[in-house]
Amino acid sequence: MNLALSDAELRQVLQTVLAGVSTRCDFVHGEALRPSGNSCLVQSGASFCSSPGAADFHRASLNFYFPPNVSLAGRVWKSACVEWHDDVSCLPSTIFLRAELAQQTDLKAALAIPLVRDSRVIAVCIFYKKYTQAPNVQLEQTSLSLANELLTSCVRTPVGSEMRFVIGDPKVIEQPTGKTSVSKAWQRCQQSLDIDPDERSEEELEKIIQYSKGVQFFKYITNHQRHDLCKNMTYTTLMQNQLVMHGGNDGEGDNDVNCSVWHVVVSGRVDMCVRTSAEGRTYRMCSFKEGDTFASSYMKMFRTNAQISTHIEATTDAVCIVVQIPDKYKAEFRTCTRPLWYEELAQYFHMSIIEAAEALGMCMSAIKKICRRHGIIRWPHRKLASVNKTIAMLQSKISTADDDPSRGALRSEAVNVLTMKLRLTINPAYLVRDEAILQPVEPQSAGSMQTQSVPPAQAAGGMG
């Protein structure tokens, strides 16, 4: 006997939960996202909107997918833990992908709660307030209890008792799958790295070089560069919870010396953690596992204002190679080897591609190659400038509009233009489809605020 809920039944349950919790706990918007296989979260089709701005935000959100650990929804999906942020509208897109949309539609504080069945997250519900609010344990517990009450009242079958909204335990870490082992190449390399760099023989250096040939970080450098980097290479052994580097609001970790030191994870797991406000909690933003590379420069993408503090710590016992990049190789290193995230590249979209290449210390051919790797067909500088100009014009009209219907229509139009801007700047892997899903600009009646939208997976032709 199949006791599982159908998609339509689960959507109706989530709709009831979103409406009930939002109404009783003073949230203006609630959305529910569900996994599409193991690849991403998509809008479930259930939502609650009690303001025109919330409806605009929800409609624009249909344009985006959320892979594991991407944005608020993706992180809660993988961690199975509650997250609360004082004001998502002022966060960088690396922390909250739709921050500009939240700012445009007057959404501030956000609470995300996972729905779990059989130790798997089957949905993530996110609730938004119209004002800033610091983490509130009592409100979290009230929202959670109410959500579970509504869940129980909607599903009076054994399957209902198997589903629960949970707070989660951030100390519980996902364990790596498969059997892990230390390679003989690393054992030989480690013995050589134990010797002081000034005292290593050519034979010992060759063992380090042989190991480096299997590491992605060293894939594109010349033999001469590899020789020099391996000559001064070291490694560090990290204990669980040990701080690796810190990049708080004091600017530590931003200098060029620290950005020339890179770590390559040999074993274990290292996480980048962020606290988005002085009274906020610390959350794990991204993980670095075997073969992954990190440096202090990555923390800059998450720390865009003085309220945000970042650090990198060992989540488990770990071993990392430490690579010092000499000044003479910085240009070549950036061109050939340096792992460049899409989000790093996006920070330069407001410049021409020539200016971006100069700022990154790369030649034009190198930056174009990186663009192709990330799915960027055309550098968006000119289109972005045009869109920003249109947004500024609409903002001016909104501030001088005479009545609420006119302001609402202008705001919806501004959200449409902002959606097009995000489709230019956000990683293409997070976009639902080529054609944008836009918000109607006609004024809406109050009765149309509570919506049940079509899941983007269906609108896009299906993603499972």
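Predicted, not measured: the structure shown is a model, and the values here were computed from it.

The next point concerns helix H17 (residues 404-425). Taking 1.5 Å per residue, 22 residues should reach 32 Å; H17 reaches 31 Å between its end C-alpha atoms and fits that length. Measuring from the backbone nitrogen of Ser406 back to the side-chain oxygen at the start of H17 gives 2.8 Å, which picks out Asp403 as the cap.

So, on to unusual backbone geometry. For residues besides glycine, phi is generally negative; the peptide bonds are generally trans as well. Even without being glycine, Asn69 reaches a positive phi, approximately 70 degrees. Along the chain, the position of Asn69 falls in the loop between helix H2 (52-61) and helix H3 (71-79). Residue Asn69 is classed as partly exposed on the basis of its relative accessible area of 37%.

The next subject is the sheet that holds strand E9 (residues 261-267). Reading across the sheet, the four strands line up as E7-E14-E9-E12 and stay open at both edges, with antiparallel pairing between neighbours. The open sheet has two free edges, formed respectively by strand E7 (234-238) and strand E12 (293-294), since each of these has just one partner strand. Examined bridge by bridge, E7 and strand E14 (residues 318-324) share five bridges and lie antiparallel to one another. Counterpart to Thr236 in the pairing with E14 is Cys320.

A few words on H2. Burial within H2 is extensive, with eight of its ten residues counted as buried. Residues of H2 that are buried include every one of Gly53, Ala54, Ala55, Asp56, Phe57, His58, Ala60 and Ser61, and no others. The inward-facing, buried residues of H2 contact strand E1 (29-36), strand E2 (40-49), helix H4 (99-104), strand E5 (120-128) and H17.

For the rest of this paragraph, the subject is the pairing of strand E10 (residues 270-275). Judged by how many residues are buried, E10 sits mostly within the fold: five of six residues are covered. In the sheet, E10 pairs with strand E11 (residues 282-288) via six bridges, with the strands oriented antiparallel. By the bridge assignment, Met272 is partnered in E11 with Cys286. Where E10 and strand E13 (residues 309-314) come together, six bridges link them in antiparallel fashion. Residue Arg275 lies in a different strand from E13, and its bridge partner there is Ser309.

Procedures and definitions
Residues numbered from 1 in each chain as written. Predicted model: local features only at pLDDT ≥ 70, side-chain atom pairs only at ≥ 80, totals over all residues. Heavy atoms only, no water. Helix = DSSP H or I, 4+ residues; strand = E, 2+ residues; numbered from the N terminus. Expected span 1.5 Å × (residues − 1). Polar contact = N/O pair within 3.5 Å; in protein donor to acceptor, adjacent residues only side chain to side chain. Buried < 20%, exposed > 50% of the residue type's maximum accessible area, 1.4 Å probe, protein only. Pairing = 2+ DSSP bridges. Contact = heavy atoms within 4.5 Å.

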